[in-house]
Amino acid sequence: METVGPTFGADEVRTAIAGEIRALRGRRGMSQTELRERAGFSRSTMRRIESGERDVEIAELMAISTALGINAAELLQAVQDSLEGKQL
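Residues numbered from 1 in each chain as written. Predicted model: local features only at pLDDT ≥ 70, side-chain atom pairs only at ≥ 80, totals over all residues. Heavy atoms only, no water.

## A look at the environment of T66
By the element assignment, T66 lies in helix 4 (residues 58-68). On a C-alpha basis, the gap between T66 and E84 in space is 24 Å, while along the polypeptide they are 18 residues apart. (Helix = DSSP H or I, 4+ residues; strand = E, 2+ residues; numbered from the N terminus.)

Structure representation (structure tokens):
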């Protein structure tokens, strides 16, 4: 199978997801508490996701996206753009 475009390691992706979640939350003027309550997460789960300490499951990504008022594809596109921008 041929790889198209750059590939990224799990740590890079996890860090980029965490960064985009924090950035989007900040642009919306939401606290971490407000986001975690809207997404239905515990304090420790949200903290670990936003710090990049743990992987985000698809269902969690969708809940976070919904809580932020966007769809999961928009969040993933922002993550991909962030990762690709770092390679330029």
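## Details of the packing of helix 2 (residues 32-39) against helix 4
The relative placement of two packed helices is expressed as an angle between their axes plus a distance between the axes. At their nearest, the axes of helix 2 and helix 4 sit 8 Å apart, and the two run at 120° to each other. In terms of their interaxial angle, helix 2 and helix 4 are classed as oblique. Read as a crossing pair, helix 2 and helix 4 show a hand that is right-handed. Counting all contacts with helix 2, which are made through L35, R38 and A39, the residues of helix 4 involved are A63, I64, A67 and L68. Of the residues contributing to the contact of helix 2 with helix 4, the split by class is six nonpolar, no polar and one charged. (Axes fitted to C-alpha atoms, helices over the stretch in contact; angles between N-to-C directions. Parallel < 35°, antiparallel > 145°, perpendicular 65-115°, else oblique. Left-handed = near helix turned anticlockwise from the far one by under 90°. Contact = heavy atoms within 4.5 Å. Nonpolar A, V, L, I, M, F, W, Y, C, P; charged D, E, K, R; others polar.)

## Some remarks on the nonpolar core
Counting residues in hydrophobic clusters, the biggest one holds 18 residues, and the most contacted among them are I21, L35, M46, I64, L68 and L75. Listed by contribution, the elements that provide at least two residues to this core are helix 1 (10-27), helix 2, helix 3 (43-50), helix 4 and helix 5 (72-87). Leave out the neighbours within four places in its chain, and I21 touches L35, M46, I49, E50, I64 and L75. (Core = buried A, V, L, I, M, F, W, Y, C linked by side-chain atoms within 4.5 Å. Buried < 20%, exposed > 50% of the residue type's maximum accessible area, 1.4 Å probe, protein only.)

## Things to note about the packing of helix 2 against helix 3
Two elements in contact, helix 2 and helix 3, have axes separated by 10 Å at closest approach and are oriented at 115°. The angle between helix 2 and helix 3 falls in the class roughly perpendicular. Viewed along their axes, helix 2 and helix 3 form a crossing whose handedness is right-handed. Where helix 2 abuts helix 3, its residues Q32, L35 and R36 lie against R43, M46, R47 and E50.

## Some details on the environment of R27
Structurally, the position occupied by R27 is in helix 1. We classify R27 as exposed; its relative accessible area is 59%. Expressed as a C-alpha distance, the spacing of R27 and L68, which sit 41 residues apart in the sequence, is 9.9 Å.

Fair warning: the whole summary comes from geometry, so function is off the table for now.
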